[in-house]
Amino acid sequence: MDRRHFLVAAGVLAAGLATPRSGLTASGAALPPPALPGAKTLEEALKNRQTRRDFDARPLPDEVLSGLLWAANGVNRPEAGKHTAPTAMNRQEIDVYVTKADGLFRYEPKGHLLERLSEADLRAATGKQAFAATAPVNLVYVADMTKAAGSTPEEKAFYAGADTGFIGQNVYLYCAAMGLATVVRANFDGAALAKAMGLPAGRRVTLAQTVGYPKA
């Protein structure tokens, strides 16, 4: 088996993102260079990939959150504007939102930054499982159904779901490589969550994914 380093292409990205840390409290704050798995291989990540629902409450360091978001759906080919996760017909209709104790954010892949949308703690709204309210990060995947591939609502829902799945698996592999716990979840009130997030018409919450350190 070819044991090329997992996420080795991220070295170019990390160099390009070597900007001073500005913190994640301001609107449009640039993320720090991403923490990456280093010498760990894809084979190791696949062997370690698992679903966990036991989360420590301690927050993720900024550089780990940076790496998580880049792995999820960051830009890995800047010259073409292409992402780590594919989308049907390259529609790029999925946005990654981040809910943390200090607010709601939207990840902007092109600039690798977080846009603060609210100071409200919406973690509990992202799922009916008790751990969602206390885990450090809940990612919320939102599809712009006006951009999704397909000519019928059923086709659009199918492609948006498939494209979300690619992002979720990227997160699983990053977490496996970095010793993080994660679980993809669909047990939430989509309408209530969309309202709490202030999503405009045409946006649909497709899945949520909790990430954090596992409990000892």
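Residues numbered from 1 in each chain as written. Predicted model: local features only at pLDDT ≥ 70, side-chain atom pairs only at ≥ 80, totals over all residues. Heavy atoms only, no water.

**Regarding the overall build of the chain**
Here's step 1: Within the chain, the regular secondary structure consists of five helices and nine strands.
Here's step 2: For the chain, the N- to C-terminal ordering of α and β elements is α-β-α-α-β-β-β-β-β-β-α-β-α-β.
Here's step 3: Relative to its 216 residues, the chain shows a buried fraction of 47%.
Here's step 4: Contacts in the chain between residues at least 24 apart in sequence constitute 71% of all its contacts with a sequence separation of at least 6. (Helix = DSSP H or I, 4+ residues; strand = E, 2+ residues; numbered from the N terminus. Buried < 20%, exposed > 50% of the residue type's maximum accessible area, 1.4 Å probe, protein only. Contact = heavy atoms within 4.5 Å.)

**Topic: the pairing of strand β6 (residues 113-118)**
Working note: regular strand, side chains alternate between the two faces of the sheet.
Here's step 1: In this sheet, β6 lies alongside strand β1 (residues 29-30) in antiparallel orientation, the contact comprising two bridges. Bridge assignment links alanine 29 to a residue of β6, and that residue is leucine 114.
Here's step 2: Of the pairings in the sheet, the one linking strand β5 (residues 103-108) to β6 comprises five bridges and is antiparallel in character. Within β6, the residue paired with arginine 106 across the bridge is glutamate 115.
Here's step 3: Counted between consecutive antiparallel strands, the loop separating β5 from β6 contains four residues, among which histidine 112 sits at a positive phi close to 45 degrees. (Pairing = 2+ DSSP bridges.)

**Examining unusual backbone geometry**
Here's step 1: Located in the positive-phi region is methionine 89, a residue other than glycine, with phi close to 60 degrees.
Here's step 2: Considering the arrangement of structural elements, one finds methionine 89 in the loop between β3 (82-83) and β4 (94-100).
Here's step 3: When its relative accessible area of 63% is taken as the criterion, methionine 89 is described as exposed.
Here's step 4: In the Ramachandran plot, glutamine 92 falls in the positive-phi region, its phi being about 50 degrees despite a non-glycine side chain.
Here's step 5: One can find glutamine 92 in the loop between β3 and β4.

**Things to note about the pattern of salt bridges**
Here's step 1: What the rule picks out here adds up to 10 salt bridges.
Here's step 2: Of the charged contacts, one joins aspartate 102 and lysine 100 as a salt bridge, the two residues approaching to 3.6 Å between their closest N and O atoms.
Here's step 3: Residue lysine 100 is classed as buried on the basis of its relative accessible area of 11%.
Here's step 4: Where arginine 203 meets aspartate 144, a salt bridge forms, and the shortest distance between an N and an O atom there is 3.6 Å. On the criterion of sequence distance, the pair formed by arginine 203 in strand β9 (residues 203-212) and aspartate 144 in strand β7 (residues 137-144) is long-range, its members being 59 residues apart. (Salt bridge = Lys/Arg side-chain N within 4 Å of Asp/Glu carboxyl O.)

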